[in-house]
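An overview of the molecular structure
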Amino acid sequence: MSGHEFSGFDVDAVTEAVSQPSLDELRSNARSRRHRSVATVTTALVALAALAVVPLLAEPDRAAPADPPTPSGAQFSQLTLTGPDSGVDVRQDGCVVRFAYTGDGGRSWSDWDAARFEGTRCTAGTAAGTPGSGTDFFVLGERSYLVTDSGLAHISTDYGRTWQDAASAIVAVPTFPATARPVLCGFRCAPVSEPLAVDPSSGTVYRLTARAPSWRPLFSLYPAADGSIWATYRMGSTQGSTVARSADRGATWTTWEVGDDRDVIAAVGIDDQEGYVLTAPTAGGGVRLLRTTDGAKTWTDTGAELSDQIPYDLTVGSDGSLLAITAGGGTEPDRRARLLVSRDDGRHFTVAREYGRLVGSVSVAPGYVWLFGRDDGSTGEPDHVLVTTDATTWTRFSLAP
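Every value quoted in this text rests on a predicted model; they were computed, and no experiment measured them.

Side note on the side chain of Ser-220
In this fold, Ser-220 is placed in strand β15 (residues 218-223). In this structure the side chain of Ser-220 is engaged in a polar contact, spanning 2.5 Å, whose partner is the side chain of Thr-232. Among all residues touching Ser-220, those that are not within four sequence positions of it are Cys-185, Gly-186, Cys-189, Trp-230, Ala-231 and Thr-232.

Written as structure tokens, this is what we have:
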């Protein structure tokens, strides 16, 4: 059984939202479109190293591709790439959340029924991912997942087989250990509400005890290749945004106030000195890409012309290039996804590839990016993604059946 159909961005609505005061509404809509249902499918992807709170000895049991659980109403699925060859697919049906894992580029997936969480506090029958549903999830790594059940957070460190209380499982530290990797997140990061990091060898997850660098809620976090952390904090439109950079594992932060006239869309870091922030006006004007080379102290406009191709996702490729996903050719609901690349410090972007269907999803991670497509070349339901680290070479990754 498949029944998958990816719903794409309403590009006109997104463009209008960016140019109008309520970018907050844009982000809310974008997040809702990052989920894909077994009947109506979109995808969200976030990459990070594996997390575990207790020692694990084996990967989840592998099984031949199996049919997903039968839908019983509002069902959503979210694919998270945890590496160029690994990923976790999550399917939520009411209060039940199921997980499947692959470590071989999607050639085989673990059994859907081997890993599940059933909420006891959430309201059954409420549309998943909507206000009041009481259920949300976040893939922290290959074997570790976070689920909230009406506000109560649980973590699994054994591929979703067993669950424990997140409040007691997460280790509070003044600075992230040198071996821990900060957790990438975006679109308000929900249900993650603070910077987290995981140790890929032990699987331990950490949170910071120090006061956050902004009074605003966490909006995004990007771990640079050298271990520095680039985070943004923002609320609704006209309430300003804060960009924060830490070069010492979260012990101290350099902050920059964006101002009430612009909202942050995304921020990425090359290293602890060089970073980029994509902003949109709260009223009139165009999208701007700003660059810093002194660790977020001062920023300059790169001059990139992005008004007619608003990036939905931004990341840094393995070669240091800037990679962005935006809308390509075609009309809704079959508009194609377009990958833009800049190799001159964000001054100019060129089209690297136009492929598949724009699916309203996070399609980037530090070091690589992916595009959804079908083997028959159509813009219908995707059956794979193409992954690239440099906008030049590509690898096929099959989606879960």
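Remarks on the pattern of salt bridges
Under the defined criterion, the tally for this structure stands at 14 salt bridges. Arg-207 is the partner of Glu-194 in a salt bridge, and the nearest nitrogen-oxygen pair spans 3.1 Å. Of this pair, Glu-194 sits in the loop between β12 (181-182) and β13 (196-198) while Arg-207 sits in strand β14 (residues 205-208), placing them 13 residues apart in sequence. For the salt bridge of Asp-345 with Arg-291, the shortest nitrogen-to-oxygen distance reads 3.7 Å. Here Arg-291 lies in strand β21 (residues 288-292) and Asp-345 lies in the loop between β25 (337-342) and β26 (350-355), a separation of 54 residues in the sequence. Taken together, the shared-partner salt bridges in this structure form one network comprising Glu-274, Arg-291, Asp-345 and Arg-347.

Section: the state of the cysteines
Working definition of a disulfide: a covalent bond connecting the sulfur atoms of two cysteines. Counted according to the given criterion, the structure contains two disulfides. One disulfide in the model links Cys-185 with Cys-189; its S-S distance is 2.1 Å. The sign of the S-S torsion, about 65°, decides the handedness of the disulfide formed by Cys-185 and Cys-189: right-handed. On the basis of relative accessibility, which here comes to 6%, the residue Cys-185 falls in the buried class. Looking at the protein chain, its bonded cysteines, counted consecutively from the start of the sequence, adopt the pairing 1-2, 3-4.

Concerning the sheet that holds strand β9 (residues 152-156)
Spatially, four strands are ordered β7-β8-β9-β10 in an open sheet, and the strand pairing comes out antiparallel. Looking at which strands have only one partner, the edges of the open sheet turn out to be β7 (135-139) and β10 (164-165). The sheet contact formed by β9 and β10 spans two bridges and is antiparallel. Pairing of Ile-155 across the sheet is with Gln-164, part of β10.

Observations regarding the pairing of β21
The side chains of a regular strand alternate, first on one face of the sheet and then on the other. Bridge count between strand β20 (residues 275-281) and β21: five bridges; the pairing is antiparallel. What sits directly across from Gly-275, in β21, is Thr-292.

Some thoughts on the environment of Val-192
When you line up the elements, Val-192 lands in the loop between β12 and β13. Spatially, the C-alpha atoms of Val-192 and Ala-153 are 9.6 Å apart, while their sequence positions differ by 39 residues. Excluding anything up to four places from it in sequence, Val-192 contacts Phe-138, Leu-140 and Leu-146.

Side note on the pairing of strand β19 (residues 262-269)
Here β19 lies mainly inside the structure; eight of its eight residues are buried. Counting the residues that bridge the hairpin from β19 to β20 gives five residues.

Some words on the confidence of the model for the protein chain
Residues with a pLDDT of 70 or more make up 75% of the protein chain, whose mean pLDDT is 77. The spread of mean pLDDT over the elements of the protein chain runs between strand β1 (residues 62-63), the lowest at 38, and strand β11 (residues 171-173), the highest at 95. Predicted confidence for residues 1-74 stays below pLDDT 50, and this span has 256 contacts to residues more than four positions away or in other chains.

So, the side chain of Thr-242
Along the polypeptide, Thr-242 turns up in strand β17 (residues 241-246). At 2.7 Å, the side chain of Thr-242 and the side chain of Arg-216 are in polar contact. In this structure Thr-242 touches Ser-214, Arg-216, Ala-231, Thr-232, Tyr-233, Thr-255, Trp-256 and Glu-257, once residues within four positions along its chain are discounted.

Quick word on the sheet that holds β21
Strand order across the open sheet formed by four strands is β19-β20-β21-β22, with antiparallel pairing between neighbours. Edge positions in the open sheet fall to β19 and β22 (300-301), since each of these has one partner strand only.

Section: the environment of Phe-349
Position of Phe-349 among the secondary structure elements: in the loop between β25 and β26. Placed 43 residues apart in sequence, Phe-349 and Leu-306 show a C-alpha to C-alpha distance of 8.4 Å. Apart from residues lying up to four places away in sequence, Phe-349 is in contact with Leu-289, Ala-304, Leu-306, Leu-322, Leu-340, Val-341 and Ser-342.

A look at the nonpolar core
Counting 44 residues, the largest nonpolar core has Leu-289 and Trp-370 as its most contacted members. Of all the secondary structure elements, the ones that give two or more residues to this core are β2 (75-83), β19, β20, β21, β23 (313-316), β24 (322-327), β28 (368-373) and β29 (384-388). The element best represented in this core is β19, accounting for five residues. Ranked by size, the runner-up nonpolar core spans 26 residues in total, among them Leu-196, Leu-221, Ile-229 and Tyr-233.

Observations concerning the packing of aromatic side chains
As enumerated under the stated definition, the model contains seven aromatic pairs in all. Ring geometry for Phe-99 and Trp-163: centres 5.7 Å apart, planes at 40°, overall tilted. With Phe-99 in strand β4 (residues 96-102) and Trp-163 in the loop between β9 and β10, this residue pair connects regions lying 64 residues apart in the sequence. Relative accessible area serves as the criterion here: at 1%, Phe-99 is assigned to the buried category. Judged by its relative accessible area of 22%, Trp-163 falls in the partly exposed class. Ring plane angle 40° and centroid distance 5.6 Å describe the contact between Tyr-368 and Trp-370, whose orientation is recorded as tilted. Taken together, the ring pairs connect Phe-99, Phe-117, Tyr-145 and Trp-163 into an aromatic cluster. Over the face of the ring belonging to Phe-219 we find Arg-234, whose NZ or CZ atom lies 4.9 Å from the ring centre. Across the ring face of Tyr-355, the terminal group of Arg-353 is positioned such that the distance to the ring centre comes to 5.0 Å.

Procedures and definitions
Residues numbered from 1 in each chain as written. Predicted model: local features only at pLDDT ≥ 70, side-chain atom pairs only at ≥ 80, totals over all residues. Heavy atoms only, no water. Helix = DSSP H or I, 4+ residues; strand = E, 2+ residues; numbered from the N terminus. Polar contact = N/O pair within 3.5 Å; in protein donor to acceptor, adjacent residues only side chain to side chain. Contact = heavy atoms within 4.5 Å. Salt bridge = Lys/Arg side-chain N within 4 Å of Asp/Glu carboxyl O. Disulfide = S-S within 2.5 Å. Buried < 20%, exposed > 50% of the residue type's maximum accessible area, 1.4 Å probe, protein only. Pairing = 2+ DSSP bridges. pLDDT = per-residue confidence, 0-100. Core = buried A, V, L, I, M, F, W, Y, C linked by side-chain atoms within 4.5 Å. Phe/Tyr/Trp six-rings, centres within 6.5 Å; stacked < 30°, edge-to-face > 60°. Lys NZ or Arg CZ within 6 Å of the ring centre and 35° of its normal.

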